[in-house]
Structures are given as structure tokens and as C-alpha cells.
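In case you want the letters, here they are:
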2 protein chains.
Amino acid sequence: MVAPLKVGIAGLGTVGAEVLRLIESRGRVLTARSGRPVRVVAVTARSKAKKRDVDLDGIAWARDPQALAENPDVDCLVELMGGAGDPALSAIEAALKSGKSVVTANKALIAKHGVRLAQAAEKHGGAFNYEAAVGAAIPIVKTLREGLAATGIDRVYGILNGTCNYILTRMEREGLSFAECLKDAQRLGYAEADPSFDVDGHDTAQKLAILASLAFGTKVAQSAVHVEGISSIAPEDLRAAADLGYRVKLLGVAVKTAKGIEQRVHPTMVPKSSSIAQVMDVTNAVTIDGEGIPPITLVGPGAGGAATASAVVADIADIARGVRVHPFGRPVDRLAQIEKAPMERHEGGYYIRLMARDLPGTAATIATRLAEQKISIESIVQRHANGGEPARAGKTPVPVLLITYATHEDAVYRALQAVQRDKVITGRPQVIRIEKN
Amino acid sequence: MVAPLKVGIAGLGTVGAEVLRLIESRGRVLTARSGRPVRVVAVTARSKAKKRDVDLDGIAWARDPQALAENPDVDCLVELMGGAGDPALSAIEAALKSGKSVVTANKALIAKHGVRLAQAAEKHGGAFNYEAAVGAAIPIVKTLREGLAATGIDRVYGILNGTCNYILTRMEREGLSFAECLKDAQRLGYAEADPSFDVDGHDTAQKLAILASLAFGTKVAQSAVHVEGISSIAPEDLRAAADLGYRVKLLGVAVKTAKGIEQRVHPTMVPKSSSIAQVMDVTNAVTIDGEGIPPITLVGPGAGGAATASAVVADIADIARGVRVHPFGRPVDRLAQIEKAPMERHEGGYYIRLMARDLPGTAATIATRLAEQKISIESIVQRHANGGEPARAGKTPVPVLLITYATHEDAVYRALQAVQRDKVITGRPQVIRIEKN
């Protein structure tokens, strides 16, 4: 009889409870798969008194996460408390330093301290697994870390936040405003009371920074991510996108360029026919462009108790089986500093929506300013207020929609500044980057 | 300095050559990832004299696959010759019995002898990896074997043959016949001179049998797969599907039912909004329904030298890292015999296209025969020859399109036999199963 892998769980929310249940209900299969039983021996959570729908019989209650991490009876600490700092950080560090393995779903912590923790894991021989931190049950970490071990990666991008995708889906389907859809998302539990972490793109940025490290063999660098959220997106942008053969998604994109690595999170126009454009509601998806091979896309639930627990327990099973993989695919001392590509040198197509004064020559002025910056226009559509000739010229601003061919970001902003100085438009131009598949 | 993993490659076609190149060009990264260099020490192929675009300097040439497998200098045999029998089978068996590890892309061999080979691997301590055998670079084997280790699987289904998907895509887009598209596919190298292995569904069946084993913990049972190909599909079926909100794909479906496990390969109507329906041309995709979690879909290249080599070298990297996973996820003695669900008890919706004599009462007769078998009709569309009232009644048969609610397969066939006896239709009814997502 092989000795069981003894697990301690810190955090008994939805995910923690589901992990307990899964280990219990799937125990026989897990043992068969790992060659070793998995047993939860100790747990801890903020309140011991709280009513929980899980059976803690025969499981020790640790005073706090630190005590759980230091419990000599625990082989593997499962951290499900969240938060980029303590108590999660200290507990994980203590566990790793004593040679224990750690499984976590804590993206914030990995984005901030992942490299340091990976180093501790390598030094002391424990595993440090975090499949659930990005895309929950979607096996994206394993795919980048092991499945594509041999293949150079050019780009990895995806829909990494279900809240944003839900809001954009509703806005597109029903023509509603961002504010209305956000309110609905909050009512349905898809968005937090303070939604800024999700809708401003920070959640996506943390996940993207982790994926970029796995894809490119660089140190996680969340601060090098350019972040824009979705609150500025208007229903008319989604309508225009549809007319032009695109859909708007909040993407996290990490891409190798001649100027370094771009990491960026922003609303993005993607071709309607792309795999990523089909991903609706709270579903997540990641596309990987490997050198010389067609793209691989993984689609699935990016959140939820059962989906997250599925990934956590798979990570535990790997540890029980004795698998040790470098947390970021290669040894920490082989991870390069990320060389950040400057965002103003970003190259790509752009969608631009301007509110133009409905005067003769406006389109010509705009086209000239773009031409001065050597920007080629793929299409320009000027929508007259009443659909025909400018009847009451100049009275009501009309939308002008532009799609550019690939150009530089700074050229776009210089051209738009010039257009603003020309006083042919009102308000702020809307600019959305286009990502080709 | 850690001793390198010494690899012997049998078969130097497109994939073999690409594997050689990848190990050479990605050597440093592979070493960093695996903690151990990977070195190709010996190769063999049918003809030594053949001109190849690879550098074989310093690599030994083995007399034949058997000699390569028995070469004491080889730690890991990479079999890329194909074929369900010898020389691949004997060589792999010899390698495993001497404790070596084996990597193969040979689906036919695994579908036929996989369990026996897995047993040899388990007994002698080697790894037996075959990620490339299903879906090439799509990490579907790893996902089922490791990524979803903790999660019970209810159903796994997918587009596993690029040739069929290419033909169906062209037929749908261009309204062409099966024969025309097949000819084009052959011209473009997407289909073999003898296309029957692909278009009759046997290639899909082999891959499906492997996936079913991984998903359900059962022994691979290719002979238990119900197989139908795509040659009977007509452009009018694809048009009707589109009108009704579906698309036709050749799916391999493995699903747990109350009556056992269904494994079936057949043209299938899938809702146009499903992830799988978006997969066009030669691209492959697999969807996994895990217990209690939303579906996970993996999309990517299912064939091609570079994509296949990517998976082969990732398998080698796992072996270099010392990873040993049961080839089918659990020990062979824990794999159950598959309990085959009888196809006539298959339950689902059906699309039925009949060529009906254009006489009053035909639709009523058909509806009555279905009602006798307790089949509920979701929609019935009778297309009159000239779009209006039956002008020259009975002269020209007109298509009747039916969509049924979930029913049993034998009920459908009993009803259609009755309709044929009633002589209200001409020719053979077309029947396509519907798969809901």
C-alpha cells in the first residue's frame, strides 16, 4: 500500500468545498490514476463556526493558513483564499520552503509573486501548480507548459474574463448600453458590486501576464501589460463592428514583435469568422499561435466552483503521481526579463468612430489627416443624419466609421489630434484595435 | 551533466523529418524544460538511399525497426511508420519489453493493440505516449488523461477527420456535390487516391475509440463503434440544415447512456451556434462534457507534419522529464470492458428528408406513421415543386423535410418502413441524427 498524498486546504468557499467533495466522490478513480490515494487531512478557513455543506469528519482544523502550511502531516497545501498578499503568500512560501507541494487558483498572487514562488518550489523540490488560476477548467497552463513544450509560440490571446464577455454579448444581442448590461450582470451574480477589477481589464491582465510567461519563457510582468477596459464601448460600436464583419471582445493579447513583447488588454475587433468571435456569454477561450502550425483554440468555462475545482484536483493528481514540472515551463534562472514593446509602436489595423460635423469636405479633411500620417484606409462610411444628402448641414453631428490597414498606434493618435484641431469633429474619437486571426 | 534521453526514430516521412528538425532547432529549450538533453542517436526508414532534407550526420542508421527497438543505445523509440500491424507492432512491443519508452502517432495501432501495449509499458516501466495519434497538435490526450483527471466525463465528441470536414465545408459553401468536392480534395492533397478510409468514417472511428477509452476508463473497442460515412450527404441536406439552424458535420461521438456506452461515427446535425459547428475546412475539434461543468472544446490542426511533430516532441519531452502516466489514464487492469449500447436504442432527434409524391394527404400519411411510433415532430416542411399549390399533382416528387423531437432509432426506422409501404414516397429516405450541445 502506497502512502497517501495528504492534502491541506486553506479556504472553504465554493471552490474549496467543491474540491473536498470531488476528492471524496472521485477517490477511487484518483487513486487508480495517480497510483496513490489522495486524502484531505486538514483544512482552515476564516470562520470555523460557519455552516458549510461539506463533511469535515476526521479532518483536522488548522488555526490559520500558516499553521496548516507548517503542519508536518500535510504533503500538499491547496490555497483557495485568494489575494495577492498575506495570508496566502506567507502560507504558500512556508509550505514550499519545507519541501511541500502547493496548488493554488490565485491568479493575483502568481501574477505578482509567481517567479519568487516558483524559485522556492524548484529549490526545495515541491511542485507549484496553478492550472485553475487562468481559465478554470480549460487546460491552458498544461497546454502551454507541457503540450506545446517543443513548439515556439508567436502569440497567445484570448477572452479571459467572463464578466466582460457576458456584458459585450448582451450589448451586442440586445443593443443595450454598457451601464444597463453591467447592472444585469451584477443582478445575476456575474459581476461584483465593485466591478472595476473585471470591467477595467485588470483581471484579464493578471491572467495574460501568466500566459505570456508560459508562452515566451519570460518572467511574469504584470506591470508591463497595457490595460484598457470595456466601459467606453457603445452599442453603436458593436453595430458598426457587425456591419464590417467584426465582433468586439475584451482580449488579452501577448505577442512577440520585432520591438519586444507586447502584452495588452483592450476591447478588440476580431473577424466574425474567427474561433474567438464565436465565444459568447461567460465562456472563456484562448488561442495559441505556434510557430509553423495553425492556431489551437481552447474554449470553456473560465470560472465557477465545479470548473475551478476540476482543475485544482487535476493539479493535485499530478502531484500524487509524482510529476514535477517547472512552474513556468523552464527553470526560473532560464526565464528572461520581458522586453516590453512600446505601445505607441503597436502595429495593426484600427477601427475609428468620429462624430463629424455634417459639413461638405469633412470626410476629405479626415482622409487627408490620415494620409499625412501614411495611414491607408480600408473603408470609410459617413452616415448622414437622415440617410440622404446633408439637409440641415452642420446641425447634427453624424458618425464617421473608419477601418484602417495596418499602421502604427502613434500615427493614429497624431492623425486624430490633427482632426480635432481642424474642428470637424465633436467629442472624443472612439478607437478600437483590430486583431487578425 | 544529466545523461541525455537517447531517441531512435523509425520512419522518416514528413513527420519524422519534422521531429528531427524540431529536436535539433529547439534543443536548448527542450533541455531547459525537461532538465535533460534530448538526442536522436539512431533512425531507420524504408529506404536509406532516398534523398531527404534532413541532416543525419552522427546519427546511426538501424537495419530495420526491430534492430532500432533493440538497440541498447536507444532509451525511447519514436514510431512514425504507421500501420496497425508489423513492423510497427513488433518494434514497439520489443522496445516496451526491454523497458524503453515509446512515442507514436499511430492511431490504427493503438485502436487495435493499445491495451496490450499499455500493459507492456506498465509492466516494464516505460512510457507509452501517443498525443499525436488523435487531433495532432490539439492536446486532447493530455487533457483527458491529466487535465480532467478528477472529472467524470459524460460525453466526448468531435470532428476528427480533416478530409471529411473539408468536403462538407466546400459542399455547404458552394452547393457542390460530394463527388465534386472529393475530387477537389484529392487534387489538393486533402484526400487519398483511395479515400474510403477517411470518407467512410473509419479514421474517425479509430480516433474515437481511443478517446472513449480515455474518457470512460474502458478498454479501446474499435469494433464497438457504429460507423457511417459522408458519401450519402447531398447539397440539399446542407441547405435544409442551414434553413433549420443546423450544420452537418461528420462527428465521432462517445457517450454514456443508461444502456451502456454509445460510440458512433456518422454525419450529424449540430446547432449552428455550437462551438463545433464553427469548425470549418480541415480543422479538427473535440468537445468534452465533464460532470457538472460546462463543455470544454479544443480546436486546431488535426493533421500536418509540423502539427503532428509538435505533439510527438512534447511527448518525448514528458518522457525526458521522467513523467510516467498510465497510457489510458488508469492501470490496464482497472480498464473495464466496454458495455456497448445498442444503436437501435439510440435516443435523439432526427432530420428526415423524403421524396414524396406530390399528392394531397401525403404529409398526413407521413405524420400518422410517425405518430404510430410515438415520434413527435418538431417541424415538417413540404416543398411543392413550383412553390405553390400542387399543379400537376403526383408528377414530380417533392422533398419533405422533418425534424423530430428525441425518439428511438428503431422507432424512426419502423415509421419509415411503414411510409415506404404506403407508397407515398420514392427512393430511400435520408436520415441524419441530431446532436445537441
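If you're wondering where the values come from, they're calculated on a predicted model, not measured in any experiment.

Rules behind the numbers
Throughout, a residue's number is its position along its own chain's written sequence, starting from 1. For this description, chains carry letters from A and ligands carry numbers from 1, given in the order in which they are written. Local features are withheld for residues below a pLDDT of 70 in this predicted model, meaning they are given only at 70 or higher, and side-chain atom pairs are given and counted only at 80 or more; totals for whole chains, interfaces and linings count all residues. Under the DSSP-based scheme used, a helix requires at least four consecutive residues in state H or I and a strand at least two consecutive residues in state E, with every element numbered from the N terminus. Only the C-alpha atoms count toward the radius of gyration. The rule for a globule is 2.2 Å times the residue count to the power 0.38. Burial is judged by counting the other C-beta atoms within 10 Å of a residue's own C-beta: 20 or more makes it buried, 12 or fewer makes it exposed, and any count in between marks it as partly exposed, with every C-beta position built from the backbone. By the criterion used throughout, residues are in contact when their C-beta atoms, derived from the backbone, lie within 7 Å. Superposition of the copies used a least-squares fit over C-alpha atoms from residues whose pLDDT is at least 70 in both. Only strands that DSSP links by at least two bridges are regarded as paired with each other. Each domain's extent was defined by an automatic or database domain assignment. The pLDDT value expresses, per residue, how confident the predictor is, ranging between 0 and 100. A crossover counts as right-handed when, viewed with the strands pointing away from the observer, the path leading from the first strand over the helix to the second turns clockwise. Only the stretch in contact is used when fitting a helix axis, every axis being a line fitted to C-alpha atoms; angles between N-to-C directions are given from 0 to 180 degrees. We call two directions roughly parallel when the angle between them is under 35 degrees, roughly antiparallel when it is over 145, roughly perpendicular when it lies between 65 and 115, and oblique otherwise. By definition, turning the near helix anticlockwise from the far helix through less than a right angle yields a left-handed crossing, and turning it clockwise yields a right-handed one. The span you would expect from a helix comes to 1.5 Å times its residue count less one. Taken from the helix axis, the directions to the C-beta atoms give the arc we talk about.

## Quick word on the overall build of chain A
Part 1: When helices and strands are tallied, chain A shows 14 helices and 17 strands.
Part 2: For 437 residues, the compact-globule formula gives about 22 Å, and the C-alpha radius of gyration of chain A, at 25 Å, lands near that figure.
Part 3: Principal axes of the C-alpha set define a box for chain A whose edges measure 85 × 45 × 35 Å.
Part 4: The buried share of chain A, taken over its 437 residues, is 54%.
Part 5: At a minimum sequence separation of 6, the contacts of chain A that also span at least 24 residues come to 76%.

## Concerning the relation of the copies chain B and chain A
Part 1: Note on the identical chains: chain B maps onto chain A by a rotation of 180 degrees and an axial translation of 0.0 Å, with an RMSD of 0.0 Å. Expressed as an axis order, the relation between the two copies is that of a two-fold axis. Among all residues of chain B, the one whose C-alpha sits closest to the rotation axis is B:Leu298, at a distance of 2.3 Å.
Part 2: Here 98% of the interface residues in chain B have copies in chain A that are interface residues too; the copies meet face to matching face.

## Quick look at the sheet that holds strand β1 (residues 5–10) of chain B
All names here are of chain B.
Part 1: Taken together, six strands build an open sheet; the order of strands is β3-β2-β1-β4-β5-β6 and the sheet is parallel. Two strands lie at the open edges of the sheet, namely β3 (60–61) and β6 (128–129), each paired on one side alone.
Part 2: Where strand β2 (residues 38–44) and β3 come together, two bridges link them in parallel fashion. Within β3, the position partnered with Ala-42 by the bridge is Ala-60.

## A word on the interface of chain B and chain A
Put simply, an interface is often sized by how much accessible area is lost when its parts join up.
Part 1: If you look at the interface, chain B gives 45 residues, while chain A gives 44 residues.
Part 2: Taken together, the elements giving at least two residues each to the side of chain B that touches chain A come down to α2 (27–34), α6 (140–147), β12 (296–301) and α12 (305–320) of chain B.
Part 3: Top element by residues in the side of chain B that touches chain A is α12(B). It accounts for seven residues.
Part 4: In the sheet, strand β12 (residues 296–301) of chain A pairs with β12(B) via three bridges, with the strands oriented antiparallel. Directly across from A:Thr297, in β12(B), lies its bridge partner B:Val299.

## Structural notes on the environment of A:Leu401
All names here are of chain A.
Part 1: In this structure, Leu-401 sits in strand β15 (residues 398–404).
Part 2: Given 21 C-beta atoms within 10 Å, Leu-401 falls into the buried group.
Part 3: Taking the C-alpha atoms as reference points, Leu-401 and Val-43, 358 residues apart in sequence, are found 57 Å from one another.
Part 4: Among all residues touching Leu-401, those that are not within four sequence positions of it are Ala-240, Arg-353 and Val-381.

## Some details on the sheet that holds strand β6 (residues 128–129) of chain A
Part 1: Within the open sheet, the six strands sit side by side as β3-β2-β1-β4-β5-β6 (chain A). Their pairing is parallel. Every other strand in the sheet has two partners, leaving β3 (60–61) and β6 of chain A as the edge strands with one partner each.

## Some details on the domain arrangement of chain A
Part 1: When the domains of chain A are assigned, the result is domain 1 (5–137 + 307–327), domain 2 (140–301) and domain 3 (345–434).
Part 2: If you average the C-alpha positions of domain 1 of chain A and of domain 3 of chain A, the two centres end up 53 Å apart.

## What about the confidence of the model for chain A?
Part 1: Averaged over every residue, the pLDDT of chain A is 94; residues scoring 70 or more account for 97%.
Part 2: Per the prediction output, this complex has pTM 0.95; the corresponding ipTM is 0.94.

## Quick notes on the pairing of strand β4 (residues 76–79) of chain B
Residue and element names in this part refer to chain B.
Part 1: Burial of the side chains of β4 extends over both faces: Cys-76 and Val-78 are buried on one face and Leu-77 and Glu-79 on the other.
Part 2: Taken together, the four bridges between β1 and β4 define a ladder with parallel strand orientation. What sits directly across from Ile-9, in β4, is Val-78.
Part 3: As for the winding sense of the linkage, the β-α-β connection from β4 through helix α4 (residues 88–97) to strand β5 (residues 101–104) is right-handed.

## Quick look at unusual backbone geometry
Part 1: Following A:Asp86, the chain continues into A:Pro87 via a peptide bond in cis, with omega recorded as 5 degrees.
Part 2: With respect to the helices, strands and loops of the structure, A:Pro87 is situated in the loop between β4 (76–79) and α4 (88–97).
Part 3: A positive phi angle is found at A:Ala136, which is not glycine, with a value near 45 degrees.
Part 4: With respect to the element layout, A:Ala136 can be found in the loop between β6 and α6 (140–147).
Part 5: A count of 29 C-beta atoms within 10 Å places A:Ala136 in the buried class.
Part 6: One non-glycine residue, B:Lys374, lies in the positive phi region at around 60 degrees.
Part 7: Relative to the helices and strands, B:Lys374 is located in the loop between α13 (362–372) and β14 (377–382).
Part 8: The exposure class assigned to B:Lys374 is exposed, which follows from the 10 C-beta atoms found within 10 Å.

## Things to note about the packing of helix α1 (residues 14–25) of chain A against helix α12 (residues 305–320) of chain A
Residue and element names in this part refer to chain A.
Part 1: Running from amino to carboxyl end, α1 crosses α12 at an angle of 55 degrees, the nearest separation of the two axes being 8 Å. The pairing of α1 with α12 is recorded here as oblique in orientation. Like other packed secondary-structure pairs, α1 and α12 cross with a definite hand, here right-handed. Contacts between α1 and α12 pair Thr-14, Val-15, Glu-18, Val-19, Leu-22 and Ile-23 from the former with Gly-305, Ala-306, Thr-308, Ala-309, Val-312 and Val-313 from the latter.

## So, α12(A)
Residues and elements named next belong to chain A.
Part 1: The end-to-end C-alpha distance of α12 is 22 Å, a good match for the 22 Å that 16 residues give at a rise of 1.5 Å each.
Part 2: When you tally the buried positions in α12, you get 15 out of 16 residues, the bulk of the element.
Part 3: Gly-322 sits one or two residues past α12 and shows a positive phi near 90 degrees.

## Considering the pairing of β5(B)
All names here are of chain B.
Part 1: Burial of the side chains of β5 extends over both faces: Ser-101 and Val-103 are buried on one face and Val-102 and Thr-104 on the other.
Part 2: Looking at chain direction, β4 and β5 are connected through four bridges and run parallel. Residue pairing across strands places Val-78 opposite Val-103, the latter belonging to β5.
Part 3: Alignment of β5 against β6, held across two bridges, turns out to be parallel. Along β6, the bridge assignment pairs Val-102 with Phe-128.

## Section: the environment of B:His266
Residues and elements named next belong to chain B.
Part 1: Locating His-266 in the fold gives a position in strand β10 (residues 260–271).
Part 2: In sequence terms His-266 and Val-282 are 16 residues apart; their C-alpha atoms lie 17 Å from each other.
Part 3: In contact with His-266, not counting residues within four places along its chain, are Glu-228 and Arg-433.

## Quick notes on the environment of B:Leu250
Residues and elements named next belong to chain B.
Part 1: By secondary structure assignment, the location of Leu-250 is in strand β9 (residues 246–257).
Part 2: Residue Leu-250 is classed as buried on the basis of its C-beta count, with 26 C-beta atoms lying within 10 Å.
Part 3: Sequence separation of Leu-250 and Leu-160 is 90 residues, and the distance between their C-alpha atoms is 8.2 Å.
Part 4: In contact with Leu-250, not counting residues within four places along its chain, are Ile-159, Asn-161, Cys-164, Asn-165, Leu-168, Gly-201, Thr-204, Ile-230 and Pro-267.

## What about helix α8 (residues 178–187) of chain B?
Residues and elements named next belong to chain B.
Part 1: Every buried residue of α8 is listed here: Cys-181, Leu-182 and Ala-185. Seen end-on, α8 carries its buried residues on one side only, within an arc spanning 105 degrees. More than 90 degrees from the buried face of α8, the exposed residues found are Ala-179 and Arg-187.
Part 2: Summarising the contacts, the buried residues of α8 are in contact with α7 (162–174) and α9 (196–199).

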